[in-house]
Amino acid sequence: MTDLKSMLATWAEKFRPHAEGVDLPPHHEQCLGCGPDNPHGHHLQVRRYGDGVVAEHTFDNRHVGAPGIAHGGAVATVIDDLYGFLLYLVGAPAVTRQLTVDYRAPVMIGTPYRMEAGVTNQEGRKLFLAASLTDRDGFLVATSTAVFVTVGVDHFTRGTQ
Ligand SMILES: CCCCCCCC/C=C\CCCCCCCC(=O)SCCNC(=O)CCNC(=O)[C@H](O)C(C)(C)COP(=O)(O)OP(=O)(O)OC[C@H]1O[C@@H](n2cnc3c(N)ncnc32)[C@H](O)[C@@H]1OP(=O)(O)O
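Parameters at a glance
Residue numbers run consecutively from 1 along every chain, following the written order of its sequence. For a predicted model such as this one, the threshold for reporting local features is a pLDDT of at least 70, and the threshold for listing and counting side-chain atom pairs is 80 or more; totals across whole chains, interfaces and linings nevertheless cover every residue. Secondary structure elements are taken from DSSP: a helix is a run of H or I of four residues or more, a strand is a run of E of two residues or more, and numbering for both begins at the N terminus. When we talk radius of gyration, it's over C-alpha atoms, and the globule rule is simply 2.2 Å times the number of residues to the 0.38. Once C-beta atoms are placed from the backbone, each residue is buried if 20 or more other C-beta atoms lie within 10 Å of its own, exposed if 12 or fewer, and partly exposed for counts between those two. UniProt positions are given in the numbering used here, feature names are shortened, and annotations may be inferred rather than shown by experiment. When DSSP locates at least two bridges between a pair of strands, those strands are taken to pair. Fitting a line to C-alpha atoms yields each axis, with helices limited to the stretch in contact; the angle taken between N-to-C directions then spans 0 to 180 degrees. By definition, residue pairs are in contact when their C-beta atoms, positioned from the backbone, come within 7 Å. In this entry, near means the residue's backbone-placed C-beta atom lies within 6 Å of the molecule or strand. When residue character is reported, Ala, Val, Leu, Ile, Met, Phe, Trp, Tyr, Cys and Pro are called nonpolar, Asp, Glu, Lys and Arg charged, and the others, Gly included, polar. Any set of buried Ala, Val, Leu, Ile, Met, Phe, Trp, Tyr and Cys residues joined through C-beta atoms within 7 Å is what this text calls a nonpolar core. By this rule, a helix spans an expected 1.5 Å times one less than how many residues it contains.

We now examine the overall build of the chain. In terms of regular secondary structure, the chain is built from 3 helices and 6 strands. In the chain, the order of α-helices and β-strands from amino to carboxyl end is α-β-β-α-β-β-β-β-α. Its C-alpha radius of gyration of 15 Å places the chain within 12% of the 15 Å reference for a compact globule of 161 residues. Along the first, second and third principal axes, the C-alpha set of the chain runs to 45 × 35 × 30 Å. By residue count, 28% of the 161 residues in the chain fall in the buried class.

We now examine the UniProt feature "domain: Thioesterase" (unreviewed entry) in the chain. What UniProt calls "domain: Thioesterase" (unreviewed entry) maps, in this numbering, to residues 68–138. Note that residues 68–138 is 27% helix and 44% strand, and that its end C-alpha atoms are spaced 20 Å apart.

The next subject is the sheet that holds strand S6 (residues 140–150). Taken in spatial order, the 6 strands of this open sheet run S1-S2-S4-S5-S6-S3, and their pairing is antiparallel. Here the strands that pair on one side only, and so sit at the sheet edges, are strand S1 (47–49) and strand S3 (94–103). Averaged over all pairs of adjacent strands, the angle between strand axes in this sheet comes to 25°, irrespective of strand direction. Contacts between helix H2 (residues 72–90) and the sheet are confined to S1, strand S2 (52–58), S3, strand S4 (112–123), strand S5 (126–134) and S6, with S3 contributing the most and set at about 135° to the helix.

We now examine the site of the ligand. Lining the immediate surroundings of the ligand are 22 residues, of which His27, Gly84, Val95, Gln98 and Val149 lie closest. Listing elements by their share of the shell around the ligand, those giving two or more residues are helix H1 (4–14), H2, S3 and S6. Split into classes, the residues belonging to the shell around the ligand amount to 11 nonpolar, 6 polar and 5 charged.

In terms of nonpolar packing, the biggest core is built from 31 residues, with Val46, Leu82, Tyr83, Phe85, Val107, Ala117 and Leu129 touching the most fellow members. Broken down by secondary-structure element, the contributors of at least two residues to this core are S2, H2, S4, S5 and S6. Top contributing element to this core by residue count: H2, with 9 residues. Excluding residues that lie within four positions of it along the chain, Tyr83 makes contacts with Ala117, Leu129, Ala131, Ala146 and Phe148.

Our next topic: H2. End to end, H2 covers 27 Å across 19 residues, agreeing with the expected 27 Å (1.5 Å per residue, within 8%). Among the residues of H2, those classed as buried are Val75, Val78, Ile79, Asp81, Leu82, Tyr83, Gly84, Phe85, Leu86, Leu87 and Tyr88. Looking at the packing, one finds that the buried side of H2 touches H1, S2, S3, S4, S5 and S6.

Let us look at unusual backbone geometry. Even without being a glycine, His43 presents a positive backbone phi close to 55°. When you line up the elements, His43 lands in the loop between H1 and S1. According to the C-beta neighbour criterion, His43 is partly exposed, with 16 such atoms within 10 Å.

What follows is about the environment of His40. Its location among the elements puts His40 in the loop between H1 and S1. Along the chain, His40 and Asp23 lie 17 residues apart, while their C-alpha atoms are 21 Å from each other.

Structure (structure tokens):
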């Protein structure tokens, strides 16, 4: 597993302008949402889309709740991680202070969904974020809002020294 110091070094490098449509880098290799090396993870792949971010995502059987339906916590995890990609565009590390998910219809296992997220407002350290999840027909399956609060690097090193 990557040690924290080298992870922090790669993280700082990620806060730079990213081209439209290009895959954004994962938060780190083991991240539950997007880390390619996490066997339990969602392996979320995200692109910049204007001032926001977009992903096509399919939940698999590791994330099942009721039979055939994605676990609500898994859906919240992926949305939370999607918000984490907005931080590259905002240019500052931040953490989730509040996350709401409105589950409007079941998210089906094995079905591709489009996910979008953007920043709706910024007030001091607070980032107000919103996201949506739609199916191939454009039907709105889930919506979400979040408040992220920007933090310094010390937030991540706390408790490791
Ligand atoms: C350059 C190098 C960088 C290095 C980076 C290292 C590598 C990173 C690797 C990987 C990142 C992956 C990122 C994506 C993953 C998804 C994101 C997550 O899952 S994050 C995990 C879950 N979240 C937490 O663990 C937070 C736990 N909470 C806290 O630590 C604190 O509560 C914290 C830092 C969020 C805030 O604490 P306070 O003491 O600093 O600040 P206070 O005063 O409490 O709040 C700040 C402001 O926010 C408002 N606020 C709080 N809750 C609010 C709400 N619900 N609505 C509106 N405002 C709210 C408050 O009223 C205050 O506002 P007013 O400054 O007074 O104007």
